[in-house]
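Structural characterization, general
Listed below are the residues making up each chain.
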Amino acid sequence: MAKLFLALGTNLGDRESNIEQALSLLDASFGPRFAQSPTINTEACGFDGPDFLNCVVVYESRKRPYTILKICKQIEALMGRTDVPEYDSGGNRVFHDRIIDIDILLYGRTVVDTQTLTIPHPQILTRPYVKELLSSLPCSTPEQIRDARDRQGRQELHRLPAAQGGRQPRKS
């Protein structure tokens, strides 16, 4: 089984209750929690809005990454999240207030890089509170965070044109 690290965040309504409800629903889907970080208050990232309450929870799982994503999205919808991802004219994600947000941060050594799912999470290293929460977990090590950064760097390298140091696709 692989360790599944999920970040939870909420900035609407009774934030503590929202986190507890999401954790209860996640427990029902993934079984007992392997570990949980403290819950911390953070400023909204990427938009002006009320502060978020955030935590990271760890489960052990054998589920496929897209099954995990589907479970997380179902829980968000069940709790009342209705927003659809929105992008500005430059293709950047536009963020809004959320009743609950559940992000897959890490899943063992799994790497996924598609339009609908990226593991490790693309903002795992750019949001200081995520690194803080991960570092608070006894099952999370600095090596895992560095490894996630290295895997993300390799993903970015594959996206660059060859002239900028990226890899050229293999010709068959």
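Conventions we followed
- Residues numbered from 1 in each chain as written.
- Predicted model: local features only at pLDDT ≥ 70, side-chain atom pairs only at ≥ 80, totals over all residues.
- Heavy atoms only, no water.
- 1 Å grid on protein atoms, 1.4 Å probe; cavity = no way out; pocket = protein on both sides within 12 Å on 5 of 7 lines; lining within 4 Å.
- Points joined across faces, edges and corners; volume = space filled by probe spheres on them.
- Helix = DSSP H or I, 4+ residues; strand = E, 2+ residues; numbered from the N terminus.
- Salt bridge = Lys/Arg side-chain N within 4 Å of Asp/Glu carboxyl O.
- Buried < 20%, exposed > 50% of the residue type's maximum accessible area, 1.4 Å probe, protein only.
- pLDDT = per-residue confidence, 0-100.
- Contact = heavy atoms within 4.5 Å.
- Pairing = 2+ DSSP bridges.
- Core = buried A, V, L, I, M, F, W, Y, C linked by side-chain atoms within 4.5 Å.

Take empty space enclosed by the protein next. The gaps of empty space that remain are located by a probe, the size of a water molecule, rolled over the atoms. This structure, assessed with the given rule, holds one cavity of 30 Å³ or more. As for the largest cavity, its lining consists of 19 residues, and the residues nearest its centre are Asn-54, Asp-101, Asp-103, Arg-127 and Tyr-129. When contributions to the lining of the largest cavity are tallied by element, the ones reaching two or more residues are strand E1 (2-10), strand E4 (52-61), strand E7 (101-107) and helix H3 (128-135).

Here we take up the pattern of salt bridges. For the structure on display, the rule yields six salt bridges. The salt bridge involving Arg-33 is made with Asp-27; its shortest N-O contact spans 2.7 Å. On the accessibility criterion, Asp-27 (23% relative accessible area) is partly exposed. A salt bridge links Glu-76 to Arg-81; the nearest nitrogen and oxygen atoms lie 3.3 Å apart. For Glu-76, a relative accessible area of 3% translates into the label buried. Salt bridges linked by common partners bring Lys-73, Glu-76, Arg-81, Arg-98 and Asp-101 together as one network.

So, about unusual backbone geometry. With the exception of glycine, the majority of residues adopt a negative phi angle, and the majority of peptide bonds are in the trans configuration. The peptide bond linking Ile-119 to Pro-120 adopts the cis configuration, its omega dihedral lying at 0°. Position of Pro-120 among the secondary structure elements: in the loop between strand E9 (118-119) and H3.

Before going further, it helps to spend a moment on the confidence of the model for the chain. For the chain, per-residue confidence averages 84 on the pLDDT scale, and 81% of positions sit at 70 or higher. Considering each helix and strand of the chain separately, the mean pLDDT is smallest for helix H4 (residues 142-159), with a value of 56, and largest for helix H1 (residues 15-30), with 98.

To continue, consider the environment of Thr-116. Here Thr-116 is to be found in the loop between strand E8 (112-113) and E9. Looking at Thr-116, the relative accessible area reads 57%, which means it is exposed. For the pair Thr-116 and Tyr-66, spaced 50 residues apart in sequence, the C-alpha to C-alpha distance is 9.0 Å. Other than its neighbours up to four places away in sequence, Thr-116 contacts Tyr-66 and Leu-69.

The subject of this paragraph is the pairing of E4. Along any regular strand the residues' side chains alternate between the sheet's two faces. Within E4, nine of the 10 residues are buried, leaving the element largely enclosed by the surrounding structure. Examined bridge by bridge, E1 and E4 share nine bridges and lie antiparallel to one another. Looking at the pairing, Leu-6 lines up with Val-57 of E4. The pairing of strand E2 (residues 35-36) with E4 spans two bridges and is classified as antiparallel.

Attention now goes to the nonpolar core. In terms of nonpolar packing, the biggest core is built from 25 residues, with Leu-6, Leu-8, Leu-26, Phe-30, Ile-102 and Ile-104 touching the most fellow members. Leave out the neighbours within four places in its chain, and Leu-8 touches Ile-19, Ala-22, Leu-23, Leu-26, Leu-53, Asn-54, Cys-55, Val-57, Asp-101 and Ile-102. By size, the runner-up hydrophobic cluster in this structure holds 15 residues, among which are Ile-40, Ile-124, Tyr-129 and Val-130.

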